[in-house]
Each structure stands twice: as structure tokens, then as C-alpha cells.
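Remarks on the overall topology
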Amino acid sequence: MISDASESLSLAIIALGSNLDAPCQQLRRAMAHLRRHSEGQYLESNIYRTSPEAMPEGSPDFANAIVAIETRQTAFELLAFLQSLEVFFGRPAEHKKNTSRVLDLDLITLGLQVIQSDRLILPHPRAQSRRFVLQPLVDILPDFIFPGSETHASQGLDHLADSNVVLWDQ
């Protein structure tokens, strides 16, 4: 019997953010890399303009989006790829938290995996409380349910306080 290789594909949800060097264009470039990296289905959200949170006064607005790709990679392999892509775009491998950046890629989920390690926590621990994650996620997967949750992304979005997340003027 021949097994179907597509059975081993997992859907990865990746959050993208940038607030330096033409942020919207940075996300479009990163999306092109992620599209080529996908081994199956590829979905991308609209790009949103978001006010910086927990950042120094005067930090520029962020461009934020979500991409969903299918991959056979493990969570740690995919994390390594995302980190190498950040470095390729000019983000230092060692960087301070809550600083401006050319590209920030966060692995939000990978299939139904739940991981608690020093290097990676899945699902991303703050994703469901961030409008700049849920709004673009609802664009592409409104019925998405985070592992360990019973609430659709669209329902979670309805329960978040309004914040400054608007479509990026393109």
C-alpha cells in the first residue's frame, strides 16, 4: 500500500509584523518567501496598520498580517526557518524585546500541537488576546479554533476591546 504523503502536512499559522523600512513592503516580501516555502495550501490575510504596544514612545506603527501554510516540518524546524528569514531581512539574531524591527515572524500554531519548551510555546500564549493577530486570522480562517480552545477566532475577536487595528492604506 502506498501512503499519501499529504497526510503528514500540518497547517501552520504565522504572524508577521514590521515597523521599519517600508513595513507593508517588508510583509509582502516575507509573504512571497512563505508562499514558496509552503508545501500545500497557502493563505494570506490583509495587511493591517497597528499602533505599537509596550514599545518606546514615538515608535512607528506596525504592519501586521497572518499567513497559513501547509508544511511537513516539525515545529522546531519551522521556527528555525522563520528565525533565519528574520535574519535574512536584517533583524539581528540577538535582539531586545519590544523594539522596532524590519521583520518579526511568530509561529502561532502548527496543527493541533501543544508545546511548552524554552524555545517555543504552542499555541502562542498571547495570540488569542491580540487583535492584531485575530483580525487578520479571521480574514482567512474565521472558524479557526486554537488547540485547547473551544472558541472560533471570530468569536474571540468579538470579545476583545477595540484597538487601533485598521487596514493598511495601500
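This text gives an overview of the structure that appears in the document. (Residues numbered from 1 in each chain as written. Predicted model: local features only at pLDDT ≥ 70, side-chain atom pairs only at ≥ 80, totals over all residues. Heavy atoms only, no water.)

Here we look at the nonpolar core
- Counting 30 residues, the largest nonpolar core has Leu16, Leu34, Ile47, Leu78, Leu82 and Leu107 as its most contacted members.
- Where this core is concerned, the elements lending two or more residues are strand E1 (10-18), helix H1 (23-37), strand E4 (62-71), helix H2 (75-88) and strand E5 (104-110).
- With 6 residues, H2 is the single largest residue contributor to this core.
- Look past the residues within four positions of Leu78 in its chain and what remains in contact with it is Ala12, His37, Ile69, Thr71, Gln73, Leu107 and Leu110.
- By size, the runner-up hydrophobic cluster in this structure holds 20 residues, among which are Ala127, Leu137, Phe144 and Leu157. (Core = buried A, V, L, I, M, F, W, Y, C linked by side-chain atoms within 4.5 Å. Buried < 20%, exposed > 50% of the residue type's maximum accessible area, 1.4 Å probe, protein only. Helix = DSSP H or I, 4+ residues; strand = E, 2+ residues; numbered from the N terminus. Contact = heavy atoms within 4.5 Å.)

Quick word on the side chain of Ser38
- Inspection of the secondary structure assignment puts Ser38 in the loop between H1 and strand E2 (42-44).
- Given the relative accessible area of 13%, Ser38 is considered buried.
- Only 3.2 Å separates the side chain of Ser38 from the backbone oxygen of Gly40, close enough to count as a polar contact.
- If near-sequence neighbours (up to four positions away) are discounted, Ser38 is found in contact with Ile69 and Glu70. (Polar contact = N/O pair within 3.5 Å; in protein donor to acceptor, adjacent residues only side chain to side chain.)

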